[in-house]
Amino acid sequence: MTDQTAPLDELVRRTAEELAARRRGAVAVGAIRGEESATHGADPRALFEIGSISKTFTALTLARLAGRGEVALGQPMSELLPSGAAVPQLDGRRIELEHLACHTSGLPRLPKGLMPRGLFSSDPYAGCTEEMLLNGLAHTRLRSVPGSRFRYSNLGAGLLGLALARHAGLDYDELVQREICRPLGLEDTRVVLDGERAGRLAPGHSHFGRPRPGWRLAALAGAGGLHSTVSDLLRLARATFGDGPQEVIDAIALTRATGHPISKISTAHPGWLSMERAQDKGGPRLLFHNGGTGGYRSLLAVIPERRAAVVALSADARSVDAPGMRLLSDLAGRSG
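Residues numbered from 1 in each chain as written. Predicted model: local features only at pLDDT ≥ 70, side-chain atom pairs only at ≥ 80, totals over all residues. Heavy atoms only, no water.

Some remarks on the packing of helix α2 (residues 54-67) against helix α5 (residues 154-168)
Packing of α2 against α5 brings their axes to within 10 Å, and their N-to-C directions diverge by 40°. One way to sum up the angle between α2 and α5 is to call them oblique. Our pair here, α2 against α5, has a crossing hand that is left-handed. Of α5, the residues touching α2 (which contributes Lys 55, Thr 58, Thr 61, Leu 62 and Leu 65) are Asn 154, Ala 157, Leu 160, Gly 161 and Leu 164. In terms of residue class, the contact of α2 with α5 is made up of five nonpolar, four polar and one charged. (Axes fitted to C-alpha atoms, helices over the stretch in contact; angles between N-to-C directions. Helix = DSSP H or I, 4+ residues; strand = E, 2+ residues; numbered from the N terminus. Parallel < 35°, antiparallel > 145°, perpendicular 65-115°, else oblique. Left-handed = near helix turned anticlockwise from the far one by under 90°. Contact = heavy atoms within 4.5 Å. Nonpolar A, V, L, I, M, F, W, Y, C, P; charged D, E, K, R; others polar.)

What follows is the structure, given as structure tokens:
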């Protein structure tokens, strides 16, 4: 029996055990192959910080609003910020919402004023209020012309979440609940955990296994402030297959149809990265995002055309990417 023909439950169990053997924090792994699904490790309802997978939710929220005509992908960010907010430009090009979602805004990775203070903090983004971000933005120099070059930016993604929330008259948490979580039935994906959910949060650990406190991303929540579960993220994965409310499916299609090339084999889409798999030339592309905070690592990876998906969550700061991607390869097979 090859890995590609092994029972799904066995493949997921192996991956969960491989990850758990290397870390102190809890691990939860889930996968979908066709109509089957399986989870192993921690309870599927255990909560984890998902870090930058939050950017996927932020971009899908942008796509929902754009699909209704409330905003446009090419709309300048400045139109959604407070009147008088100073937004940098370069060569006369303004930062658009699509640039923020695809990491082509030219903004630096981190907010101005965060370092070096944040470098020595156990909760480095907690002071990133709206006032702090906008004050720093006024003194920020763009690294490239907006729309011209991929430069990964937590600042840009956080500003997108902030701008959309201001436009909707809601906080970021409630906006994502309205646009993505409630339509998909994601009961546990949110920034702020209430008492019952807080009790299901797996305690985070550093790369060396030391306990780490949770991160609060304040006004940068759109870049990495969400918590979620394996169960919820598998529901999101199924939506990429076309299983779910049409308005969310349409939003996912819009994010996939929009993109900026990074290399010959990879593309940045709003909320996702896609790439051609070496073992599957000419086949369907892998769509993914990973995440990391002080005490957690995460991966969401899908090949919608193969109805294959993997979610890996760890309450430990060691990467889950390699085992998660190997599992996805076993599930998806190859062309021919």
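What follows continues from the structure just given.
Some details on the pattern of salt bridges
Counting across every chain of the model gives 19 salt bridges. For Glu 35, the salt bridge goes to Arg 307, with nearest N and O atoms at 3.1 Å. One end of the pair, Glu 35, is in the loop between β1 (27-33) and β2 (36-41); the other, Arg 307, is in the loop between β11 (296-303) and β12 (308-314), and 272 residues separate them in sequence. The exposed category is assigned to Glu 35, whose relative accessible area is 62%. Salt bridges sharing partners connect three or more residues here, namely Arg 64, Arg 68, Glu 70, Arg 178 and Glu 179. (Salt bridge = Lys/Arg side-chain N within 4 Å of Asp/Glu carboxyl O. Buried < 20%, exposed > 50% of the residue type's maximum accessible area, 1.4 Å probe, protein only.)

With respect to helix α6 (residues 172-184)
Between its terminal C-alpha atoms α6 stretches 17 Å, which fits the 18 Å expected from 13 residues at 1.5 Å a residue. Considered for burial, the residues of α6 that qualify are Tyr 172, Asp 173, Leu 175, Val 176, Gln 177, Glu 179, Ile 180, Cys 181 and Leu 184. Elements that come into contact with the buried residues of α6 comprise α2, α5, α8 (221-224), α9 (230-240) and α10 (246-257). (Expected span 1.5 Å × (residues − 1).)

So, the pairing of strand β10 (residues 286-293)
Of all eight residues in β10, six are buried, a share of seventy percent or more. Bridge analysis of β10 against β11 gives seven bridges, and the strand direction is antiparallel. Pairing of Leu 287 across the sheet is with Val 302, part of β11. Counting the residues that bridge the hairpin from β10 to β11 gives two residues. (Pairing = 2+ DSSP bridges.)

Examining α9
A large share of α9 lies buried, amounting to eight of its 11 residues. Of the positions making up α9, those classed as buried are Val 230, Asp 232, Leu 233, Leu 234, Leu 236, Ala 237, Ala 239 and Thr 240. Once α9 finishes, Gly 242 follows within two positions and takes phi at roughly 100°, a positive value.

Things to note about the nonpolar core
Core analysis: the biggest nonpolar cluster contains 72 residues, and Phe 48, Phe 57, Met 77 and Leu 133 have the highest contact counts within it. The dominant element in this core, judged by the number of residues it contributes, is α5, at seven residues. By size, the runner-up hydrophobic cluster in this structure holds 23 residues, among which are Ile 303, Val 310, Leu 331 and Ala 332. (Core = buried A, V, L, I, M, F, W, Y, C linked by side-chain atoms within 4.5 Å.)

Comments concerning unusual backbone geometry
One non-glycine residue, Asp 91, lies in the positive phi region at around 55°. Along the polypeptide, Asp 91 turns up in the loop between α2 and α3 (97-102). Overall, the relative accessible area of 70% leaves Asp 91 in the exposed class. One non-glycine residue, Arg 307, lies in the positive phi region at around 50°.

A look at the sheet that holds β11
What the eight strands build is an open sheet, ordered β2-β1-β12-β11-β10-β9-β8-β7; its pairing is antiparallel. Of all strands in the sheet, those with a lone pairing partner are β2 and β7 (260-261), marking the two edges. The pairing of strand β9 (residues 272-275) with β10 spans three bridges and is antiparallel. Across the sheet, the residue bridging to Met 275 is Leu 286, located in β10.

Some words on the pairing of β11
Judged by how many residues are buried, β11 sits mostly within the fold: seven of eight residues are covered. Summarising the sheet, β11 and β12 pair through seven bridges and their orientation is antiparallel. Paired with Arg 297 across the two strands is Ser 314, which belongs to β12. Where β11 folds back on β12, the antiparallel hairpin that results is connected by four residues, among which Arg 307 adopts a positive phi of roughly 50°.

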